[in-house]
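The primary structure of each chain is shown beneath.
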Amino acid sequence: MTHQRPISPFESVYFVDLGAAGLPLYDMAVFVDCLVRGRLDPALLRRALGLLTERHPMLRSEVADGDTGLLLRVRDRVEPPLTVLDGIEDTYAELINTRPDWTESLLHAWLLTDGERSQVVLGVHHGVIDGRSVFPLLDEFWRYYSALAAGASPSVERREALPEAIDTRLAGTLPDAEIDALVDAIAQGAGADVKPAALPTEGVGRPDRPDAARRFVVDRLEFSEETTDAVAAAARSRGVSVNSLVTELLLTAVRAQLAPEHGPLTMTCGHAVDLRTRLTPELPRATTLNCVTGLQTTLTVGHDDPPGAVGREVAGQMTGALARRDPERSLLAALRAGARGIPVPVPVVSYGISNLGRIPAPPVPQDVRLLRFGATGNAPGMPPKILVAGLGGRLLVQNEYDAWTYAPEQMRRVREALRGSLSAFGEPRLTS
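Residues numbered from 1 in each chain as written. Predicted model: local features only at pLDDT ≥ 70, side-chain atom pairs only at ≥ 80, totals over all residues. Heavy atoms only, no water.

Peer 1: Would you mind showing me how to read the overall build of the protein here?
Peer 2: The number of helices and strands found in the protein is 12 helices and 14 strands. For a compact globule of 432 residues, the expected C-alpha radius of gyration is about 22 Å, and the protein comes in at 22 Å, within 12% of that figure. For the protein, buried positions account for 51% of its 432 residues. For the protein, long-range pairs separated by at least 24 residues make up 78% of all intrachain contacts whose partners lie at least 6 apart in sequence. When the accessible surface of the protein is totalled, it reaches about 19,800 Å², and 51% of it is carbon and sulfur. (Helix = DSSP H or I, 4+ residues; strand = E, 2+ residues; numbered from the N terminus. Rg over C-alpha atoms; globule rule 2.2 N^0.38 Å. Buried < 20%, exposed > 50% of the residue type's maximum accessible area, 1.4 Å probe, protein only. Contact = heavy atoms within 4.5 Å. Areas by Shrake-Rupley, 256 points an atom, 1.4 Å probe, with all protein chains shown as cover.)

Peer 1: How should the packing of aromatic side chains be read in this particular structure?
Peer 2: Geometrically, a pair of aromatic rings is defined through the distance of the ring centres and the angle of the planes. Following the criterion strictly, the structure yields five aromatic pairs and no others. With 6.0 Å between their ring centres and 50° between their planes, F31 and W110 make a pair best called tilted. On the criterion of sequence distance, the pair formed by F31 in strand 2 (residues 29–37) and W110 in strand 6 (residues 107–114) is long-range, its members being 79 residues apart. Assigned by exposure class, F31 and W110 land together as buried. Where F135 meets F373, the ring centres are 6.1 Å apart and the plane angle is 75°; that geometry is what we call edge-to-face. Highlighted residues: F135 in helix 5 (residues 134–149) and F373 in strand 12 (residues 369–376), separated in sequence by 238 residues. You'll find F135 and F373 in the same group, each marked buried. Directly above the aromatic system of W404 lies the positively charged group of R209, at a separation of 3.9 Å from the ring centroid. (Phe/Tyr/Trp six-rings, centres within 6.5 Å; stacked < 30°, edge-to-face > 60°. Lys NZ or Arg CZ within 6 Å of the ring centre and 35° of its normal.)

Peer 1: Looking at this structure, how should I read the environment of P383?
Peer 2: Within the fold, P383 resides in the loop between strand 12 and strand 13 (385–391). If sequence neighbours within four positions are ignored, P383 has contacts with V349 and Y406.

Peer 1: Is there a simple way to explain the pairing of strand 5 (residues 82–86) in this structure?
Peer 2: It is a general feature of regular strands that their side chains alternate between the two faces of the sheet. For strand 5 and strand 6, the ladder comprises five bridges, and the chain directions are parallel. Within the sheet, the bridge partner assigned to V84 lies in strand 6 and is L111. Chirality of the crossover, the property in question, places the unit of strand 5, helix 4 (residues 89–95) and strand 6 among those that are right-handed. (Pairing = 2+ DSSP bridges. Right-handed = clockwise from strand over helix to strand, strands pointing away.)

Peer 1: When you look at the side chain of D27 in this model, what are you seeing that I'm missing?
Peer 2: Within the element layout of this structure, D27 appears in the loop between helix 1 (9–15) and strand 2. It turns out D27 is buried and unbridged, and the closest side chain with the opposite charge, R99, is 4.8 Å from it. For D27, the contacting residues outside a window of four places in its chain are Y14, R99, W102 and H125. (Lys, Arg positive; Asp, Glu negative; His and termini not counted. Salt bridge = Lys/Arg side-chain N within 4 Å of Asp/Glu carboxyl O.)

Peer 1: Sorry if this is basic, but what is going on with the environment of S244 here?
Peer 2: Counting through the fold element by element, S244 comes out in helix 9 (residues 242–255). Look at S244 and you get buried, because its relative accessible area is 2%. Each C-alpha atom of the pair S244 and G270 lies 12 Å from the other, and the pair is 26 residues apart in sequence.

Peer 1: Where do I start with helix 5 in this structure?
Peer 2: Over its 16 residues, helix 5 extends 22 Å from the first C-alpha to the last, a length consistent with the 22 Å expected when each residue adds 1.5 Å. Among the 16 residues that make up helix 5, 12 are buried, leaving the element largely enclosed by the rest of the structure. When helix 5 is considered as a whole, its buried residues turn out to be V134, F135, P136, L137, L138, E140, F141, W142, Y144, Y145, S146 and L148. (Expected span 1.5 Å × (residues − 1).)

Peer 1: Help me understand helix 2 (residues 42–55), please; the structure alone is not making it clear to me.
Peer 2: Each α-helix turn comprises 3.6 residues. Residues three or four places apart therefore point the same way. Its 14 residues give helix 2 an end-to-end C-alpha distance of 20 Å, which sits within 8% of 20 Å, the value for a rise of 1.5 Å per residue. On the buried face of helix 2, the contacting elements are helix 3 (57–60), strand 5, strand 6, strand 7 (117–125) and helix 5. Regarding helix 2, its N-cap is D41, as a side-chain oxygen of that residue lies 2.9 Å from the backbone nitrogen of A43 further along. (Polar contact = N/O pair within 3.5 Å; in protein donor to acceptor, adjacent residues only side chain to side chain.)

Peer 1: Help me out: how do you make sense of the pattern of salt bridges in this one?
Peer 2: Side chains that differ in sign of charge can pair as their charged atoms come close. Within this structure, the stated rule accounts for 35 salt bridges. Among the ionic pairs, E116 bridges to R39, the shortest N-O distance being 3.2 Å. One end of the pair, E116, is in the loop between strand 6 and strand 7; the other, R39, is in the loop between strand 2 and helix 2, and 77 residues separate them in sequence. The class of R39 is exposed, set by a relative accessible area of 59%. One network of salt bridges, with partners in common, ties together E54, R60, D76, R158 and E160.

Peer 1: Please explain the packing of helix 9 against helix 12 (residues 408–426) as it appears in this structure.
Peer 2: The packing of two helices is summarised by the inter-axis angle and the distance between the axes. Contact geometry for helix 9 and helix 12: axes closest at 9 Å, N-to-C directions at 140°. It follows that helix 9 is oblique to helix 12 by the angle criterion. Every pair of crossing elements has a handedness; the one defined by helix 9 and helix 12 is right-handed. Here helix 9 contributes L245, V246, L249, L250, A253 and V254 to the contact with helix 12, which in turn contributes V414, A417, L418, S421, L422 and F425. (Axes fitted to C-alpha atoms, helices over the stretch in contact; angles between N-to-C directions. Parallel < 35°, antiparallel > 145°, perpendicular 65-115°, else oblique. Left-handed = near helix turned anticlockwise from the far one by under 90°.)

Shape is all these values report; function is a separate question.
Here you go:
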């Protein structure tokens, strides 16, 4: 059984500090949280966390030195730290700006309390999980806690073998000649002259920037079930996904803030792609492993594009890219280029978007009422991004940004534009 294995090239950007030359992902955390009305038992929370680590060896692993590089090595037992804190909104805003001590555990937890309200926050090292699989992990955590709160003694299958890294799984699935051709294109600087329009960063907000405890901002827009259904219906009527519809609205909102005031601009949207679904057979989403890579769609966006035009272009590009297996091809080519010492340019995007799809509400105990749940992750210098998900039947559009890089007023205008555009789908139409 695989009690230890090398950290793969794909995973290494999360475990090795590459400085300014790499992506800003070193030691990054993914936070998933759940706000409830009801009091929770810290002792039972700790037991539920222990059950998670029993079932998922990645959560029991530690980073160790090997003969040829860093290893992930499974420990016999890990007790994820649980910290109890007073306050919720302000405490959570500061919490997501922290970096846990990963040498102690790759899973940390917090219980935030305010009267009858409680918020559970799980923080996991991004090298071993992504924004898709944190939700099954949250669901599993609540199943354990609910069983314990009901007086049961749940047992789990203790797993010892570390799952293979996603790039290891993908190796050999595409012809070497295809990957080498892409590596040659990277070496020749193909596409290096394409510089998409983006919100300004230099000097923005510097004099009055927030302190480090409020650097990363999470700005939630949660819509009613009626508006959620209306947005889905609007996407269907245009022949696109909700992701493509929201991408159109997002890029249009950003374009409105960019110079020149008239005419189209080239913009690039960065999409998250879950590579679990690209494997045969597919890897279950509940597998604790980081399997998400990026896919860029570049297009021109103007002020008066016909409704649906940008969304259909995004949908067409994504359909074609997935059919060509571009996410896998690009990832493998970048890793091969890096192994050969060929500099791989950091992707430049106008905005990022992570489409999580529909996620059911976690199963909280009967005497606890679920108020909301969500997730976030950020790092210094990352471009702004929105998370789009149907959480428990309600559309969530969450803007996440680095307030040291992007001015809050810019982000407020993006948020309000998205709020207005999406809310309009749910407004009753007047008939004559």
